[in-house]
Amino acid sequence: MFGPRRLLPSIPSLLALEAVDRLGSATAAAEEMSLTHSAVSRQIKVLEGQIGMRLVTREGARLKLTPAARDYCERVRIILGDLSQSTLTLRANPSGGSLNLAILPAFGVHWLAPRLKSFAVDHPEVTVNLSTRLVPFDFAQERLDAALHYGARDWRGVNYLPLADEHVLPVCAPGYLNAKPVGPADLAQYPLLHLATRPNAWEDWFRAQGVDTGSLPGMLIDQFSTIAQAAIHAWALPCFLTISQRQSLSAAGLCPPGARPL
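Residues numbered from 1 in each chain as written. Predicted model: local features only at pLDDT ≥ 70, side-chain atom pairs only at ≥ 80, totals over all residues. Heavy atoms only, no water.

A.B. asks: Pulling in residues and values, what's your account of the packing of aromatic side chains?
C.D. replies: Scanning the entire structure with this criterion turns up 7 aromatic pairs. Between the aromatic rings of Trp202 and Trp205, the centroid separation amounts to 5.9 Å while the plane-to-plane angle is 90°, which identifies the pairing as edge-to-face. One end of the pair, Trp202, and the other, Trp205, are both in helix 7 (residues 201-208), 3 residues apart, so they sit about a helical turn from each other. Given the relative accessible area of 1%, Trp202 is considered buried. A relative accessible area of 0% places Trp205 in the buried class. Site record: aromatic cluster; members linked through ring pairs are Phe137, Phe139 and Trp155. Stacked on the ring of Phe137, the Lys or Arg Arg133 has its end atom at 6.0 Å from the ring centre. Over the ring of Tyr150 we find Arg198, and its NZ or CZ is 3.5 Å from the ring centre. (Phe/Tyr/Trp six-rings, centres within 6.5 Å; stacked < 30°, edge-to-face > 60°. Helix = DSSP H or I, 4+ residues; strand = E, 2+ residues; numbered from the N terminus. Buried < 20%, exposed > 50% of the residue type's maximum accessible area, 1.4 Å probe, protein only. Lys NZ or Arg CZ within 6 Å of the ring centre and 35° of its normal.)

In structure tokens:
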């Protein structure tokens, strides 16, 4: 249930307040909203009259929200975002039924995307909306229903469903090792690329091969696509994850250097 209608401000007034708070002046807010300066000022005065308190003070040429108004505006910004997203979802799927899913970029491209068509055929009543998230987040603060993610079970207030195990496999560009047979210990002599989300991948792989390498210096990269391109151009050796990259290795022109996966 809503409170009294007199406590429900108009959207134009809320948009004006949000823009002034973010941009710092009625002139900038008016330009963004395609209104006149006086129209923005009028909307804020209407809101002040409706709420019954002063919301904006002037500091030279700039407008500044009062501390209470800033707190109010933070909530308003979230509500306006929710309203906009809800409208977009309704337009995209008038029949209802949507799944807002957070994904990791490489996993989404190489594992999820090839499966979306069959899911859409089997479940035409569901519209899947995808958003990229690289780190854990709070579902209470995001308009998301689920996440496809890698890592520890350290998310609060969620249910977990394991999808698959992950296997680490060294790869390189064809010809990078000059077609010479190499063993696991030999790979430690080449430049290595480290993935930011799996910083210990190389150490774990060498340990599984029975090779004691000590510290393994090398470039740290945060994206699978970047690390793959570096390997394609014969810059160095990365460790790839076969759950998300199995199909993409040959397409990208990468191949294992002959060692078994971890």
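A.B. asks: Please give an account of the packing of helix 1 (residues 11-23) against helix 3 (residues 37-51) that cites residues and values.
C.D. replies: Orientation of helix 1 relative to helix 3, taken along the N-to-C sense of each, is 110°, at an axis distance of 8 Å. Classified by the angle their axes make, helix 1 and helix 3 are roughly perpendicular. Of the two elements, helix 1 crosses helix 3, and the hand of that crossing is left-handed. Counting all contacts with helix 1, which are made through Pro12, Ser13, Leu14, Ala16, Leu17 and Val20, the residues of helix 3 involved are Val40, Gln43, Ile44, Val46 and Leu47. Residue composition of the contact of helix 1 with helix 3, by class: 9 nonpolar, 2 polar and no charged. (Axes fitted to C-alpha atoms, helices over the stretch in contact; angles between N-to-C directions. Parallel < 35°, antiparallel > 145°, perpendicular 65-115°, else oblique. Left-handed = near helix turned anticlockwise from the far one by under 90°. Contact = heavy atoms within 4.5 Å. Nonpolar A, V, L, I, M, F, W, Y, C, P; charged D, E, K, R; others polar.)

A.B. asks: Tell me about the sheet that holds strand 5 (residues 146-147), and please be specific about residues and values.
C.D. replies: Read across the sheet, 3 strands follow the order 4-3-5 without closing on themselves; strand pairing throughout is parallel. Unpaired on one side and paired on the other, strand 4 (127-132) and strand 5 mark the two borders of the sheet. Running over the sheet, helix 5 (residues 105-122) touches strand 3 (98-103) and strand 4 and is turned about 175° from strand 4. (Pairing = 2+ DSSP bridges.)

A.B. asks: Account for the nonpolar core, naming residues and giving values.
C.D. replies: Note that soluble globular proteins tend to have their nonpolar side chains buried in a common cluster. Within the largest apolar cluster, 19 residues are counted, with the highest numbers of intra-cluster contacts made by Leu17, Val20, Val40, Ile44, Leu55, Val56 and Leu65. Sorting the residues of this core by element identifies helix 1, helix 2 (26-33), helix 3, strand 2 (62-65) and helix 4 (67-92) as the ones contributing at least two each. Here this core gets 5 residues from one element, more than from any other, and that element is helix 1. Aside from chain neighbours lying at most four places away, what touches Leu17 is Ile44, Leu47, Leu55, Val56, Leu65, Tyr72 and Cys73. Grouped together as the second largest cluster of nonpolar side chains are 15 residues, Cys172, Leu177, Trp205 and Leu237 included. (Core = buried A, V, L, I, M, F, W, Y, C linked by side-chain atoms within 4.5 Å.)

A.B. asks: Could you give an account of unusual backbone geometry, naming the residues involved and the relevant values?
C.D. replies: Residue Ser34 is not a glycine yet carries a positive backbone phi of 60°. The class of Ser34 is exposed, set by a relative accessible area of 67%.

A.B. asks: Requested: an account of helix 2, with residues and values cited.
C.D. replies: Listed as buried for helix 2 are Ala26, Ala29 and Ala30. Projected down its long axis, helix 2 shows its buried positions confined to an angular sector of 100°, all on one face. Opposite the packed face of helix 2, turned more than 90 degrees from it, sit the exposed residues Thr27 and Glu31. The inward-facing, buried residues of helix 2 contact helix 1, helix 3 and strand 2. Of the residues trailing helix 2, Ser34 is marked for its positive phi of about 60°. (Arc of directions from axis to C-beta.)

A.B. asks: How would you explain the layout of surface pockets if you had to name every residue and give the values?
C.D. replies: Put simply, the largest pocket is a space of about 1400 Å³. Taken together, 44 residues form the lining of the largest pocket, with Ala147, Leu148, His149, Tyr150 and Leu163 sitting closest to its centre. Elements with a minimum of two residues in the lining of the largest pocket: strand 3, helix 5, strand 5 and helix 9 (242-245). A total of 8 residues in the lining of the largest pocket trace back to one element, the largest contributor, which is helix 5. For the lining of the largest pocket, the residue count by class is 30 nonpolar, 6 polar and 8 charged. Put simply, the second largest pocket is a space of about 260 Å³. In this structure, the second largest pocket is lined by 11 residues; those nearest its centre are Leu8, Pro9, Leu14, Val76 and Ile79. (1 Å grid on protein atoms, 1.4 Å probe; cavity = no way out; pocket = protein on both sides within 12 Å on 5 of 7 lines; lining within 4 Å. Points joined across faces, edges and corners; volume = space filled by probe spheres on them.)

A.B. asks: Kindly report on helix 1, identifying the contributing residues and their values.
C.D. replies: Under the 1.5 Å per step criterion, the end-to-end length of helix 1 is 18 Å for 13 residues, consistent within 8% with the ideal 18 Å. When we look at burial in helix 1, the residues that qualify are Ser13, Leu14, Ala16, Leu17, Glu18, Ala19 and Val20. Downstream of helix 1 by one or two residues, Gly24 has phi in the positive range, about 90°. (Expected span 1.5 Å × (residues − 1).)

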